[in-house]
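Fold and geometry: a report
Residue strings, one per chain:
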Amino acid sequence: MNVKALIEEVKSNPDIPELATGDTVKVSTLIKEGDKERIQMFQGLIIKINHRADGGNFTVRRIAHGIGVERTFPFMSPLVAKVEVVRHGKVRRAKLYYLRNLSGKAARIKEKRTD
């Protein structure tokens, strides 16, 4: 199988807007359980974005019942039904791994002002 042909046939998902690190997003994913399908929401902060030849992915982190949960979503996946940007964060780094060691108010990100 030709790798170049494989990369070219992958289509980008039109339901994913322009994202940046530090944005708070709601990701709707398609969950298949047996013969049923449903949509599940995952809301959190984007801590990492990878842009690669296969389309790349982004990692979303949230705190669920006091425990940090991270999920990685591919940009090209048809299982990502929709991505909504709740707020744009003001950050100065590309990877926000330092948030893994913070909790509570220390883990907040300032909102980017748009005039």
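Presented here is a report on the structure given in the accompanying data block. This structure is a prediction, so every number in the text was calculated from the model and none was measured. (Residues numbered from 1 in each chain as written. Predicted model: local features only at pLDDT ≥ 70, side-chain atom pairs only at ≥ 80, totals over all residues. Heavy atoms only, no water.)

A short note on the side chain of Thr59
For Thr59, the position within the fold is in strand 3 (residues 57-64). Take Thr59: its relative accessible area is 2%, and that puts it in the buried class. Reaching out from Thr59, the side chain makes a polar contact with the side chain of Thr72 at a distance of 3.2 Å. Ignoring any residue separated from it by four or fewer positions in sequence, one finds Thr59 in contact with Leu45, Ile46, Ile47, Lys48, Glu70, Arg71 and Thr72. (Helix = DSSP H or I, 4+ residues; strand = E, 2+ residues; numbered from the N terminus. Buried < 20%, exposed > 50% of the residue type's maximum accessible area, 1.4 Å probe, protein only. Polar contact = N/O pair within 3.5 Å; in protein donor to acceptor, adjacent residues only side chain to side chain. Contact = heavy atoms within 4.5 Å.)

A word on the sheet that holds strand 1 (residues 24-33)
Spatially, 5 strands are ordered 4-3-2-1-5 in an open sheet, and the strand pairing comes out antiparallel. The sheet terminates laterally at strand 4 (67-74) and strand 5 (80-87), the two strands that pair on one side only. With strand direction ignored, the average angle separating the axes of adjacent strands in the sheet is 40 degrees. Sheet analysis places strand 1 next to strand 2 (residues 36-50), joined by 10 bridges and oriented antiparallel. (Pairing = 2+ DSSP bridges. Axes fitted to C-alpha atoms, helices over the stretch in contact; angles between N-to-C directions.)

Considerations on the pattern of salt bridges
For the coordinates displayed, the defined rule picks out 4 salt bridges. Note that Arg61 is salt-bridged to Glu70, the shortest N-O span being 3.0 Å. On the accessibility criterion, Arg61 (15% relative accessible area) is buried. Judged by relative accessible area, which is 31%, Glu70 ranks as partly exposed. Glu84 is the partner of Lys82 in a salt bridge, and the nearest nitrogen-oxygen pair spans 3.5 Å. Connected through salt bridges with shared partners, the residues Arg61, Glu70 and Arg100 form a single ionic network. (Salt bridge = Lys/Arg side-chain N within 4 Å of Asp/Glu carboxyl O.)

Some words on the environment of Phe42
Take Phe42: it is sitting in strand 2. Residue Phe42 is classed as buried on the basis of its relative accessible area of 7%. When residues no more than four places from it in sequence are discounted, the contact partners of Phe42 are Val25, Lys26, Val27, Val60, Arg62, Val69, Arg71 and Phe73.

Just distances and angles here, no functional claims.
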